[in-house]
Amino acid sequence: MTEKYRDFLSWVIYQIYPRSFQDTNGDGIGDLNGVRARLDYLKDLGVNAIWLCPCYKSPNDDNGYDVADYRDIMDEFGNMDDMKALISESHARGIHVIMDLVPNHTSSAHKWFRASKQSRDNPYSDYYYWFDEPPTDWNASFGGKAWEYCPERKQYYLHSYCVSQPDLNWDNPKVRDEMKAVGDFWASLGVDGFRIDVIDQISKDIPNGRNCFGPHLHEYIHELFGREEAAHLFTVGECWASTGEEYKKHCDASRNELSTLFQFDHLECGRSEKFVQTAPSLAAVRDVLVKWQTFNQQNDLLQMLFTDNHDNAPFLSRVGNDKELRYESATCIAAMFYTLKGVALLYQGQEFGTVSPRYDDISDFRDVEAINAYNGFLPLGKEEALKRINFGSRDNSRRPIAWDGSEYGGFSTVAPWTPVHSEKDRVNLDADIHGEKSIHAFYKRLLALRRATPELLYGDFTVLSKPTDPFFRFTRSYEGKTVEVLCNFETASDPGVSFAEQDLLRSNYKDRKDASAPFRPYEIAIYRVK
Ligand code: NOJ
């Protein structure tokens, strides 16, 4: 791996959705002091970086992805002093801090938009896209059309997401300078990196009807992060539809654009529509992983290793067995991802096997995308509409963390902003830690092994299983030593490995006494090849 990014291979990032993580001031909304209160917990788990979903001032139409002031903190989350304390207390524990930069759009409450919409000749008039008539027939991601008429200015503006999230015009050099200054502001406060929201959309090709991957995309990213001031930062761009060629352009170290990208093929596989229930097989996921590990190795690119985030239902519920074999499938998925080459990223609650919740009424949902989609599904009947929302809503991953089984799950002392997790009595951290089989304990041991094993951090990847095998088997080799990983899928199978000859490092079943016995459902083994 290129020297420039090699250090990132040892990062274990924990993504925090602050609103649902930990409330400390009793208003039912998570806050920055809640994150501070859990830093020791994260350190103990083996985390050395946190990514905070947007914490900026915002009216919260899209839970913070509608930024009203990039240099101030959302009232409900605390204030700038809390943020400074969080940064310094994280650093004191060896934990890096990654902020969520949202460069494609602001909130309509941002002062730039409030000025821009007033007239066609104010200093901010070209900060957004304005047209007399909609120049394209684009739809907005959260429903409805993407062009909205503004009576003050008598023109239409573009919003790729909510009506209150106008897209910034990156072709205006002043916008690019503003965003550089925002990045520099946070870097000067000690922030170590950025996750960049929908980076592929900042350059558009409106005449040709393309709202992402526009002609200046690479140039603008380079302008933002290719500067000396930004060279030390970890940067990961959110990019839903990147091909290998695009990935290469973004992440080739010599081009000075981004450290890495979120690549979503493994979350997309087996999914036709976001709200229609499907269950991709682990074999399909394996094949996607093999493809990207191989591609990134050949091209010396850094890969993000992740299964969950705030926009998707828990991977465990979609791909594993989240009932009878919750421990086995959660640990199998963990072993499958976090022994690969790349930057490990966990989403809050994943470390103790959080599952998808279920609710019976639309009033229990908060996500703007889900509520709009529900209204669209109503002609199919209320039951079908609810079924779809329960499956695909982003609320699935935004319920308050169930730290324990108490009334509000240890998240707050009052009813939270969004109903408590419907499964909290069965699935919570306290129950997991004190249970017979603990997913949290497995994660902790797995991350410790990764940290202590250069092969798992830096080693070359070689796949040994065939696409027809009901398991994933691969090696990681570094400086003449090899660690092998075997993850069995749903049904028992015999991969034909004799453990009598191997040095078993980790397993998720208590006994693997019989060295050549078949592998049980979701059984994994990580071993050093002698
Ligand atoms: C992607 C973010 O992950 C999502 O939560 C947000 O709604 C959109 N970008 C718009 O910012």
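Parameters at a glance
Residues numbered from 1 in each chain as written. Predicted model: local features only at pLDDT ≥ 70, side-chain atom pairs only at ≥ 80, totals over all residues. Heavy atoms only, no water. Helix = DSSP H or I, 4+ residues; strand = E, 2+ residues; numbered from the N terminus. Rg over C-alpha atoms; globule rule 2.2 N^0.38 Å. Buried < 20%, exposed > 50% of the residue type's maximum accessible area, 1.4 Å probe, protein only. Contact = heavy atoms within 4.5 Å. Areas by Shrake-Rupley, 256 points an atom, 1.4 Å probe, with all protein chains shown as cover. Lys, Arg positive; Asp, Glu negative; His and termini not counted. Charge placed at Lys NZ, Arg CZ, Asp CG, Glu CD. Polar contact = N/O pair within 3.5 Å; in protein donor to acceptor, adjacent residues only side chain to side chain. Pairing = 2+ DSSP bridges. Axes fitted to C-alpha atoms, helices over the stretch in contact; angles between N-to-C directions. Phe/Tyr/Trp six-rings, centres within 6.5 Å; stacked < 30°, edge-to-face > 60°. Lys NZ or Arg CZ within 6 Å of the ring centre and 35° of its normal. Near = heavy atom within 4 Å. Parallel < 35°, antiparallel > 145°, perpendicular 65-115°, else oblique. Left-handed = near helix turned anticlockwise from the far one by under 90°. Nonpolar A, V, L, I, M, F, W, Y, C, P; charged D, E, K, R; others polar. Expected span 1.5 Å × (residues − 1).

Draft legend 1. Structural context of the overall build of the chain. Each helix and strand counted, the chain has 17 helices and 18 strands in total. Here the C-alpha atoms of the chain give a radius of gyration of 23 Å, agreeing with the 24 Å that 2.2 N^0.38 yields for 530 residues. Reported as C-alpha extents along the three principal axes, the dimensions of the chain are approximately 80 × 50 × 45 Å. The buried share among the 530 residues of the chain stands at 60%. Nonlocal contacts in the chain, meaning residues at least 24 apart in sequence, comprise 69% of its contacts between residues at least 6 apart. If you sum the accessible surface of the chain, you get close to 19,800 Å²; carbon and sulfur atoms cover 49% of it. Counting 61 positive and 81 negative side-chain charges, the chain places the averaged centre of each group 3 Å from the other.

Draft legend 2. Quick look at the environment of aspartate 311. Residue position: aspartate 311 is located in the loop between strand E12 (302-305) and helix H11 (315-319). Judged by relative accessible area, aspartate 311 falls into the buried class, the value being 10%. Separated by 81 residues in sequence, aspartate 311 and glycine 392 have C-alpha atoms that sit 9.2 Å apart. If sequence neighbours within four positions are ignored, aspartate 311 has contacts with Glu238, Lys274, Arg394, Ser397 and Arg398. Polar contacts involving the side chain of aspartate 311 include one to the side chain of histidine 310, which spans 3.4 Å.

Draft legend 3. Structural context of the sheet that holds strand E17 (residues 503-507). Taken together, five strands build an open sheet; the order of strands is E14-E15-E16-E18-E17 and the sheet is antiparallel. Two strands bound the open sheet, and with one partner strand each, they are strand E14 (460-463) and E17. Each neighbouring strand pair of the sheet contributes to a mean axis angle of 20°, computed without reference to strand direction. Here strand E16 (residues 481-488) pairs with strand E18 (residues 524-528) via five bridges, running antiparallel. Bridging across to E18, leucine 486 finds its partner in alanine 525. Across the sheet, helix H10 (residues 282-299) lies against E14 and strand E15 (471-478), angled at about 140° from E14, the strand it touches most. Its contacts with the sheet put helix H12 (residues 326-338) on E15, E16 and E18, and the angle it makes with E16 is roughly 145°.

Draft legend 4. Main features of the sheet that holds strand E7 (residues 147-150). With antiparallel pairing, three strands are arranged side by side in an open sheet as E6-E8-E7. Edge strands, defined here as strands with exactly one partner in the open sheet, are strand E6 (130-131) and E7. Inspection of the sheet shows E7 paired to strand E8 (residues 155-158) by four bridges, in the antiparallel sense. Within the sheet, the bridge partner assigned to tryptophan 147 lies in E8 and is leucine 158.

Draft legend 5. Spatial organisation of the packing of aromatic side chains. For the structure shown, the criterion picks out 37 aromatic pairs. Between phenylalanine 472 and phenylalanine 474, the aromatic rings sit 4.6 Å apart at their centres with planes inclined by 45°, giving tilted as the arrangement. Classification of phenylalanine 472 as buried rests on a relative accessible area of 0%. Put simply, the rings of Tyr56, Tyr70, Trp112, Tyr124, Tyr127, Phe185 and Trp186 touch in pairs and so form one group of aromatic residues. The ring of phenylalanine 185 has arginine 71 sitting right over it, with the charged end atom 5.6 Å from the ring centre.

Draft legend 6. Here's a closer look at the site of the ligand. Residues in contact with the ligand amount to 13 residues; listed here are only the nearest, Asp62, His105, Asp197, His310 and Asp311. For the ligand, an oxygen atom lies 3.0 Å from a polar atom in the side chain of arginine 195. Between an oxygen atom of the ligand and a side-chain N or O atom of arginine 394, the distance comes to 2.9 Å. The protein chains hide 97% of the 290 Å² of surface that the ligand would expose on its own.

Draft legend 7. Quick look at the packing of helix H8 (residues 244-251) against H10. Contact geometry for H8 and H10: axes closest at 11 Å, N-to-C directions at 45°. With respect to H10, the axis of H8 lies oblique. Considering how the two elements wind past one another, H8 and H10 form a crossing that is right-handed. Contacts between H8 and H10 involve Gly244, Tyr247 and Lys248 from the former and Trp292, Phe295, Asn296 and Asn299 from the latter. The class makeup of the residues in the contact of H8 with H10 is three nonpolar, three polar and one charged.

Draft legend 8. Inspection of helix H6 (residues 173-188) at higher detail. Between its first and last C-alpha, H6 extends 22 Å over 16 residues, near the 22 Å set by a 1.5 Å rise per residue. Listed as buried for H6 are Val175, Arg176, Glu178, Met179, Lys180, Val182, Gly183 and Trp186. Its side-chain oxygen placed 2.9 Å from the backbone nitrogen of lysine 174, asparagine 172 serves as the N-cap of H6. Just past H6, the residue glycine 190 takes up positive phi, approximately 105°.

Distances and angles like these do not, on their own, reveal function.
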